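# An overview of the molecular structure
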Amino acid sequence: MIKAIKRIGIICLVLFLFRGWIYRFLVEYKEIGERPEIEITNPKLIELIEEKSIAKKMNIGEIADVAEEITTKTLTFTWSYSSNDTNDLFNEKKANCVGYAAMFNSISNFLIRKYHLQDEFLTSHKIGEIELLGFNIHPYFNSPFYKNHDYNTISNLTTGEKLSLDPSLSDYFWIDRIKEKH
């Protein structure tokens, strides 16, 4: 009995430690559209972004880290309707996947403009479908809530490096990067 408990514990530990790799192996995001950026006008959000980005050398990873940290610490997930305007979300604190991706995108674009990196980096708010082992899972749900799923990409225009992220997934499962189907 003790051996079985130890094995289960080891399996759980391995699954936890490699959750990101396992998720990227099983799941791909397929882009079906894109949403426009929502410009940040909320002074408190601007102040927080300034505070979190001070004394950082902005590269693709730092932009993603700052945007993800602020987004996941500010928002909590809701299944209900919520605003998708980043400025409202900062005060309301509740969002679905669209709101999470909108806030992440707005913060990323704010940082890119602040540090004059428009010629080097491009960030996008994507609308996608999730595929599990190559099969689109969205037709199996009746709720319009599961019609699609929003996520983000940040591209380095110079090197071609691209990061794909799902801020709502990151908030609850601590999986920072996702795999986007090309």
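Quick caveat: nothing in here was measured; it's all calculated off a predicted structure. (Residues numbered from 1 in each chain as written. Predicted model: local features only at pLDDT ≥ 70, side-chain atom pairs only at ≥ 80, totals over all residues. Heavy atoms only, no water.)

### Digging into the environment of Gln118
Put simply, the test is: Numbering of helices and strands runs from the N terminus, with a helix taken as a DSSP run of H or I at least four residues long and a strand as a DSSP run of E at least two residues long. Working rule for contacts: check all heavy atoms of both residues, and any pair within 4.5 Å makes them a contact.
Here Gln118 lies in the loop between helix 6 (97-114) and strand 4 (121-132). The sequence separation of Gln118 and Phe90 amounts to 28 residues, and the corresponding C-alpha distance is 25 Å. The contacts of Gln118, once residues within four sequence positions are left out, are Ile112, Arg113 and Leu157.

### Things to note about helix 3 (residues 43-53)
Keep this limit in mind: Between buried and exposed lies partly exposed: a residue is buried under 20% and exposed over 50% of the maximum accessible area for its type, with that area taken using a 1.4 Å probe on protein chains only. Our arc is simply the arc of the directions from the helix axis toward the C-beta atoms. Each polar contact in these results corresponds to two N or O atoms within 3.5 Å; when the atoms are within protein, one needs to be able to donate a hydrogen and the other to accept it, and residues that are neighboring in sequence are counted only if both atoms are side-chain atoms.
For helix 3, every residue scored as buried is listed here: Leu45, Ile49 and Ser53. Down the axis of helix 3, the smallest arc covering the buried residues is 60 degrees, so these residues share one side. Counted as exposed and oriented over 90 degrees from the buried face of helix 3: Pro43, Lys44, Glu47 and Glu51. Each element contacted by the buried residues of helix 3 is listed here: helix 4 (60-74), helix 5 (86-92) and helix 6. Sitting at the head of helix 3, Asn42 places a side-chain oxygen 2.9 Å from the backbone nitrogen of Lys44. Backbone geometry just downstream of helix 3 places Ala55 in the positive-phi region, at approximately 60 degrees.

### Focus on the pattern of salt bridges
Any two side chains of opposite charge can pair, so long as their charged atoms come close to each other. To be explicit about the condition: Basic side-chain nitrogens of Lys or Arg form a salt bridge, by our definition, when they fall within 4 Å of a carboxyl oxygen of Asp or Glu.
Applying the stated criterion across every chain yields a total of 11 salt bridges. Salt bridges linked by common partners bring Lys52, Glu69 and Lys73 together as one network.

### Remarks on the confidence of the model for the chain
Formally: Residue-level confidence of the predictor, termed pLDDT, takes values from 0 up to 100.
Per-residue pLDDT for the chain has a mean of 84; in total, 97% of the residues score no lower than 70. No element of the chain has a lower mean pLDDT than strand 5 (residues 135-136), at 76, and none a higher one than helix 6, at 92.

### Focus on the packing of helix 4 against helix 6
Here is the rule: The convention used is that axes are lines fitted to C-alpha atoms, helices contributing only their stretch in contact, and that angles between N-to-C directions extend from 0 to 180 degrees. Note that the term roughly parallel is reserved for angles under 35 degrees, roughly antiparallel for angles over 145, roughly perpendicular for angles of 65 to 115, and oblique for everything else. Note: crossing handedness is left-handed where the near helix turns anticlockwise from the far helix by less than a right angle, and right-handed where it turns clockwise. Each residue gets one of three labels, nonpolar for Ala, Val, Leu, Ile, Met, Phe, Trp, Tyr, Cys and Pro, charged for Asp, Glu, Lys and Arg, and polar for the others, Gly among them.
At a minimum axis separation of 9 Å, helix 4 and helix 6 run at an interaxial angle of 140 degrees. If you check the angle between helix 4 and helix 6, you find them oblique. As helix 4 packs across helix 6, the resulting crossing turns out to be right-handed. Residues Ile63, Ala64, Val66, Ala67, Glu68, Ile70, Thr71 and Thr74 of helix 4 form the contact with helix 6, whose participating residues are Tyr100, Met103, Phe104, Ile107, Ser108, Leu111 and Ile112. Classifying every residue of the contact of helix 4 with helix 6 by side-chain character gives 11 nonpolar, 3 polar and 1 charged.

### So, the nonpolar core
Grouped burial of nonpolar side chains is what soluble globular proteins tend to show. The condition is simple: Residue types Ala, Val, Leu, Ile, Met, Phe, Trp, Tyr and Cys, when buried and joined through side-chain atoms within 4.5 Å, form a set referred to as a nonpolar core.
Ranked by size, the top nonpolar core spans 26 residues in total, and within it Leu45, Ile49, Ile63, Ile107 and Ile154 carry the most contacts. Where this core is concerned, the elements lending two or more residues are helix 3, helix 4, helix 5, helix 6 and strand 7 (162-165). The residues contacting Leu45, other than those within four sequence positions of it, are Ile40, Ile70, Thr86, Phe90 and Ile107. One finds Tyr23, Ile130, Tyr151 and Leu169 within the second-largest nonpolar core, a separate group that totals 8 residues.

### Comments concerning the pairing of strand 7
Rules: In this analysis, strands are considered paired if DSSP registers two or more bridges between them.
Pairing geometry for strand 6 (residues 149-156) and strand 7, over 4 bridges, is antiparallel. Counterpart to Ser155 in the pairing with strand 7 is Lys162. Here strand 6 folds back onto strand 7 in antiparallel fashion, the turn holding 5 residues, of which Gly160 has a positive phi close to 85 degrees.

### What about the side chain of Ser168?
Along the chain, Ser168 turns up in helix 7 (residues 167-173). With a relative accessible area of 9%, Ser168 lands in the buried category. At 2.9 Å, the side chain of Ser168 forms a polar contact with the side chain of Asp166. Residues in contact with Ser168, not counting those within four places in the same chain, are Phe77, Cys97, Tyr100 and His149.

### Section: the environment of Lys44
With respect to the helices and strands, Lys44 occurs in helix 3. Placed 46 residues apart in sequence, Lys44 and Phe90 show a C-alpha to C-alpha distance of 8.4 Å.

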